[in-house]
Amino acid sequence: MSKIKVGGWQQKSQETVYENPWIQVQHEEVIRPNGTEGIYGVVHFKSHAIGIIALDDDDNTWLVRQSRYPNNETTIEIPEGGGPLDEPPLEAAKRELLEETGLTAEHWQPFMELRTSNSVTDEIAFIFLATGLSQGKQQLEDTEDIELIKIKTTEAIEMAINGEITDAMSVAALLKLALLRRG
């Protein structure tokens, strides 16, 4: 049975070829918008991507330095994590900020929503702005090796501009913050 998709794509068949607790990879036979047959691979995430820009009263922000296994590198990024699909993104953001930084925030504001890599995945990212911060103790998960970095927000924005920060969610959020501050 064929399923019509956006833009004239048609899905002829779909098969799960790999699955773990975090992702599901699907192989799909398709008819492309031009009428030719083809294939498509889709990575379905079982969680939302969550990011937080945490700002204190002195205009500092918190970044994290951590190893990222898929790219075999250490990155600097805003605090990020995953939130189950059935959990409100704000609740996941509160939990992730506490886990990674030890911070809690009095005020939360939705900041942006984006698609992390919409040519191959259905993952949705929710980024929040957190203010009115109080410091507590980090609660790292077994998979996290995080070094906390507290710096001036202008410096974090500069790091995104000059390529020291390359994580897509972090770059997008920090550049949006920079643009909003310009008026």
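Structural data are supplied above this passage.
In what follows, the accompanying structure is described.

Rules used throughout
Residues numbered from 1 in each chain as written. Predicted model: local features only at pLDDT ≥ 70, side-chain atom pairs only at ≥ 80, totals over all residues. Heavy atoms only, no water. Helix = DSSP H or I, 4+ residues; strand = E, 2+ residues; numbered from the N terminus. Areas by Shrake-Rupley, 256 points an atom, 1.4 Å probe, with all protein chains shown as cover. Lys, Arg positive; Asp, Glu negative; His and termini not counted. Charge placed at Lys NZ, Arg CZ, Asp CG, Glu CD. Pairing = 2+ DSSP bridges. Axes fitted to C-alpha atoms, helices over the stretch in contact; angles between N-to-C directions. Core = buried A, V, L, I, M, F, W, Y, C linked by side-chain atoms within 4.5 Å. Buried < 20%, exposed > 50% of the residue type's maximum accessible area, 1.4 Å probe, protein only. Contact = heavy atoms within 4.5 Å. Phe/Tyr/Trp six-rings, centres within 6.5 Å; stacked < 30°, edge-to-face > 60°. Parallel < 35°, antiparallel > 145°, perpendicular 65-115°, else oblique. Left-handed = near helix turned anticlockwise from the far one by under 90°.

**Digging into the overall build of the chain**
- Across its full length, the chain holds 3 helices and 11 strands.
- Counting from the amino terminus, helix and strand elements in the chain follow one another as β-β-β-β-β-β-β-β-α-β-β-β-α-α.
- Dimensions of the chain along its principal axes, counting C-alpha atoms only, are 60 × 40 × 30 Å.
- Surface summary for the chain: the accessible area is close to 10,600 Å², and the carbon and sulfur share equals 52%.
- Distance between charge centres in the chain, computed from 16 positive and 31 negative side chains, equals 5 Å.

**Side note on the sheet that holds strand S7 (residues 73-77)**
- One open sheet holds the 3 strands; their spatial order is S7-S6-S11, and the pairing between them is antiparallel. The open sheet terminates on both sides in strands that have one partner only, identified here as S7 and strand S11 (147-152). Across the sheet, the axes of successive neighbouring strands diverge by a mean angle of 25 degrees, strand direction being ignored.
- Here strand S6 (residues 60-68) runs beside S7; their pairing, made up of 5 bridges, is antiparallel. By the bridge assignment, Gln66 is partnered in S7 with Thr75.

**Considerations on the nonpolar core**
- Counting residues in hydrophobic clusters, the biggest one holds 25 residues, and the most contacted among them are Ile53, Leu63, Phe111, Ile127, Ile165 and Leu174.
- Of all the elements in the fold, those that place two or more residues in this core are strand S5 (47-54), strand S9 (103-115), strand S10 (124-135), S11, helix H2 (153-162) and helix H3 (168-182).
- Element by element, the count of residues in this core is highest for H3, at 6 residues.
- Excluding its chain neighbours within four sequence positions, the residues that come into contact with Phe111 are Ile53, Ile127, Phe128, Leu129, Ala173, Lys176, Leu177 and Leu180.
- Counting residues in each nonpolar core, the second largest holds 13 residues, with Ile52, Ala54, Ala93 and Phe126 among its members.

**Looking at the packing of aromatic side chains**
- In total, this model carries 2 aromatic pairs according to the counting rule given.
- Seen from their ring centres, Trp9 and Tyr40 are 5.5 Å apart, and the 90 degrees between their planes marks the pair as edge-to-face. Of this pair, Trp9 sits in the loop between strand S1 (3-4) and strand S2 (10-19) while Tyr40 sits in strand S4 (residues 37-45), placing them 31 residues apart in sequence.
- Using a relative accessible area of 29% as the deciding quantity, one classes Tyr40 as partly exposed.
- Seen from their ring centres, Trp108 and Phe128 are 6.4 Å apart, and the 75 degrees between their planes marks the pair as edge-to-face. Remark: Phe128 occurs in strand S10 and Trp108 occurs in strand S9; sequence separation between them is 20 residues.

**Re the packing of H2 against H3**
- Here H2 crosses H3 at 120 degrees, and the two axes come no closer than 9 Å. In terms of orientation, H2 and H3 fall into the oblique class. Relative to H3, the crossing made by H2 is left-handed. Taking contact as the criterion, the partners of Thr153, Ala156, Ile157, Ala160 and Ile161 in H2 are, on H3, Val171, Leu174, Leu175, Leu177, Ala178 and Arg181.

**A short note on unusual backbone geometry**
- Positive phi values are uncommon outside glycine, yet Asp59 reaches one of about 65 degrees.
- Relative to the elements of secondary structure, Asp59 occurs in the loop between S5 and S6.
- Phi is positive for Asn72, which is not a glycine, with a value near 50 degrees.
- Its location among the elements puts Asn72 in the loop between S6 and S7.

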